[in-house]
Amino acid sequence: MKAKDIIICRCEDITLQQIHDLLDQGYSTFEDLKRLLRVGMGPCQANTCGHLIQREISKHFNKNIEEVPIHKVRPMTTGVLLKMIAEDQKDEK
Amino acid sequence: MKSNILIIGAGISGVSIAYNLAKKGVKGIHVIDRGYFTNGATGRCGAGVRQQWATEGNCILAKMSIDFFEHAKQTLEYQGDLEFKQEGYLILATTETEHDQFTKNVQLQNRLGIPSKQLTKKEALEIVPHLNPNAFISATFCQTDGHLNPFKMTEAYYLAAKKLGVTFSFYEEALEIKVNDHKITEVVTNKETYQVEKVVNAAGGYAKEVGLLAGVEIPVYSENHEILATEPIEKLQGPMVMSFSKNIYCQQVPHGAFLMGRGNPQAVKSHHVESSWQFLDEMAKTVVDIMPILGNLRVIRQWGGSYNMSPDRQPIISDTDQLDGFYMACGFSGHGFMFAPITGLLLSEIILNEKTTVDLAPLHLDRFKEKGFNYIEKSVV
């Protein structure tokens, strides 16, 4: 299967080829790729693509996978409706 | 290593300065950054570009920058999509005092060629029908304000600068600036020592610390401003909706997600950029009050970033009599992204001793010296 047909980030439809292209241009971390391709910015928050991309970076730079930092984990763990956050405060004391 | 000009910080200001200098034929420009691409304030900002300000200085800088953004893709020959859209900023007035202030703001903006106008509640609701009519009394609107992707805009400048011979190094932090007889001699980083006489401080949230490396006092500090993103949906909202009194800005970016942020009145001076549940609570309450329908959107991520605050909430684009060859672009107070084109242009003019495009006195570090400054920009979230 060709790299352009392999989806790495399902939230944003980013292919393996797009990852390889940016690595070839000199970008070297998940954080770089995230900002230019939106990988890890979708609803799953890199739960799918995070480790796949870590492996690609490790192969590209010939590094052990444990030396490749994973993405910065940010809240939320899962999507929550804004109105639930707004309304549920009313019962908090 | 020998360098002609060393720029500290590869955020939007640093890359714009590098590009503007290189375009004028300056050689030997090197840019360092302590982290990954757009790790600082640029990559954490709300991605808005606006011209509706309350001070003349900010209005002029903003308008000239928008004029650049309108042709940025062609000018910088960028292959990607900058996601520039001009669907306006709708700024809500929620009190009579605010309404009166906005009347004055619009007069000032119109005098400077900014096509803003004051709207009644009914007119505002025609532009953003999902506004809660009880949450505001009137509004101002400027069609040519809008959105721009900060990562892509930075990359556009970065690639254009590289093409002109500028070199970049990431994960490289300035540790020491050596000075002899009022002149810079060397900059030591965690990777390299540079023999260089001209240094540009474009360090964003760390501008004060970089100033101190060279013994230059800059009266700025950083504070954390938080922001969140929702899941993407089909287009619902054209303009950025903003309120200073309610403390909110909220826009739907072309990708479909809503971005919204607010300031924290209790924010302390620090480099802290983490997320808090307090922000999430207040943000949710505020946005559901102003635009109830957005309560149906899921928050998927929140983060923080540094505002580098100056005493009058206007930028410092300046050289200094404290040290020859030391230049700075800092203190943007949350608006460095949208002012980047003019920042780069002005700083290149200062460094090359050219006549500057606008009067520099209101932007110079010296304005904080004795008499102080005239007016504090209040149009800040």
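Just so you know, these numbers come straight off a predicted model, no measurement behind them.

Contact with chain A, which involves 29 residues of that partner, is made by 31 residues of chain B. For the chain A and chain B pair, buried surface summed over both sides reaches about 2700 Å², with 59% attributable to carbon and sulfur atoms. It is R35(A), R74(A) and L82(A) that lose the most area in chain A upon contact with chain B, and together they represent 24% of the buried surface on that side. Counting across the interface, chain A meets chain B through one salt bridge. In this structure, K72(A) engages E274(B) in a salt bridge whose closest nitrogen and oxygen atoms are separated by 3.2 Å. Tallying contributions element by element places helix α2 (residues 30-37) of chain A first for the side of chain A that touches chain B, with five residues.

On to the domain arrangement of chain B. Residues and elements named next belong to chain B. Domains assigned within chain B are domain 1 (5-45 + 151-220 + 312-369) and domain 2 (86-144 + 221-309). Each of domain 1 and domain 2 has a C-alpha centre, and these two points are 29 Å apart. In this assembly, 17 residues from domain 1 lie in contact with 13 residues from domain 2. Summing both partners gives a buried area of about 1200 Å² for domain 1 against domain 2, and 50% of it is carried by carbon and sulfur. Where domain 1 touches domain 2, the interface holds zero salt bridges. Inspection of the domain 1/domain 2 interface yields nine residue pairs in polar contact (both at pLDDT 80 or more). Among the residues forming the side of domain 1 that touches domain 2, the class breakdown is nine nonpolar, five polar and three charged.

The subject of this paragraph is the environment of A161(B). Looking at the element boundaries, A161(B) is found in helix α6 (residues 150-163). It is 24 Å that separates the C-alpha atoms of A161(B) and N190(B), two residues lying 29 residues apart in sequence.

Residue and element names in this part refer to chain B. An ideal rise of 1.5 Å per residue puts 20 Å on 14 residues; helix α2 (residues 56-69) measures up with 20 Å between its terminal C-alpha atoms. Burial in α2 covers these residues: N58, C59, L61, A62, S65, I66, F68 and F69. Turning to α2, the residues buried within the fold contact β3 (48-49), α3 (72-75), α4 (96-111), α6 and α9 (340-351).

One finds V39(A), I53(A), I7(B), M153(B), F168(B) and L347(B) to be the most contacted residues of the largest nonpolar core, which totals 95 residues. The element that contributes the greatest number of residues to this core is helix α1 (residues 12-23) of chain B, accounting for seven residues. Counting the residues that make up this core, at least three belong to each of domain 1 (5-45 + 151-220 + 312-369) and domain 2 (86-144 + 221-309) of chain B. Beyond its immediate sequence surroundings of up to four residues, I7(B) is in contact with G14(B), I17(B), A18(B), I29(B), H30(B), V31(B), I32(B), V200(B) and A202(B). Residues L131(B), A135(B), V241(B) and V287(B) belong to the second largest nonpolar core, which totals 31 residues.

This part covers the pairing of strand β14 (residues 240-243) of chain B. Residue and element names in this part refer to chain B. Here β14 shows no split at all, with M240 and M242 on one side and V241 and S243 on the other all buried. Two strands pair when backbone bridges link them, and β14 and strand β15 (residues 248-252) are joined in this way by three bridges, in the antiparallel orientation. Across the sheet, V241 pairs through a bridge with C250, a residue of β15. In textbook terms, the turn of a hairpin is the stretch between consecutive antiparallel strands, and for β14 and β15 this stretch comprises four residues, one of which, N247, has a positive phi near 65°.

Here the focus is the sheet that holds strand β4 (residues 89-93) of chain B. Sheet architecture is open: nine strands sit in the order β3(A)-β17(B)-β13(B)-β16(B)-β15(B)-β14(B)-β4(B)-β6(B)-β5(B), paired in mixed fashion. Pairing within the sheet leaves two strands with one partner each, and these edge strands are β3 (80-81) of chain A together with β5 (116-120) of chain B. Sitting on the sheet, α4(B) is in contact with β4, β5 and β6 (138-142) of chain B, with an inclination near 150° to β5(B).

Let us now look at the side chain of N201(B). Residues and elements named next belong to chain B. Take N201: it is sitting in strand β12 (residues 198-201). Engagement of the side chain of N201 in a polar contact is seen with the backbone nitrogen of A203, the distance being 3.2 Å. When near neighbours in sequence (up to four residues on either side) are disregarded, N201 contacts I8, A207, V210, G211, I218, F326, Y327, M328 and A329.

Bringing the packing of α1(B) against α6(B) into the picture now. Residue and element names in this part refer to chain B. Viewed as axis vectors pointing N to C, α1 and α6 meet at an angle of 30°, and their least axial separation amounts to 9 Å. When the axis of α1 is compared with that of α6, the two are roughly parallel. Handedness of the crossing formed by α1 with α6: left-handed. Where α1 abuts α6, its residues I12, V15, S16, A18 and Y19 lie against M153, T154, Y157, Y158, A160 and A161.

Another point: the sheet that holds strand β11 (residues 193-195) of chain B. Residues and elements named next belong to chain B. If you trace the three strands from one edge of the open sheet to the other, you get β9-β10-β11, paired in antiparallel fashion. Taken across any chain shown, the strands that pair with only one partner, and hence form the sheet edges, are β9 (174-180) and β11. Strand-to-strand, the axes of this sheet are offset by a mean angle of 20°, without reference to chain direction. Strand direction decides the pairing type here: β9 and strand β10 (residues 183-189), joined by six bridges, are antiparallel. Bridging from a neighbouring strand, A174 pairs with T189 of β10.

So, on to the pattern of salt bridges. Summed over all chains, the structure comprises 21 salt bridges over all chains. Where K4(A) meets D5(A), a salt bridge forms, and the shortest distance between an N and an O atom there is 3.5 Å. K4(A) sits in the exposed class, given a relative accessible area of 52%. For K152(B), the salt bridge identified is with E83(B), shortest N-O distance 3.9 Å. Taken together, the residues K152(B) in helix α6 and E83(B) in the loop between α3 and β4 connect sequence positions 69 residues apart.

Conventions and cut-offs
Residues numbered from 1 in each chain as written. Chains lettered and ligands numbered in written order. Predicted model: local features only at pLDDT ≥ 70, side-chain atom pairs only at ≥ 80, totals over all residues. Heavy atoms only, no water. Contact = heavy atoms within 4.5 Å. Buried area = accessible area lost by both parts, 1.4 Å probe. Salt bridge = Lys/Arg side-chain N within 4 Å of Asp/Glu carboxyl O. Helix = DSSP H or I, 4+ residues; strand = E, 2+ residues; numbered from the N terminus. Domains from an automatic or database assignment. Polar contact = N/O pair within 3.5 Å; in protein donor to acceptor, adjacent residues only side chain to side chain. Nonpolar A, V, L, I, M, F, W, Y, C, P; charged D, E, K, R; others polar. Expected span 1.5 Å × (residues − 1). Buried < 20%, exposed > 50% of the residue type's maximum accessible area, 1.4 Å probe, protein only. Core = buried A, V, L, I, M, F, W, Y, C linked by side-chain atoms within 4.5 Å. Pairing = 2+ DSSP bridges. Axes fitted to C-alpha atoms, helices over the stretch in contact; angles between N-to-C directions. Parallel < 35°, antiparallel > 145°, perpendicular 65-115°, else oblique. Left-handed = near helix turned anticlockwise from the far one by under 90°.

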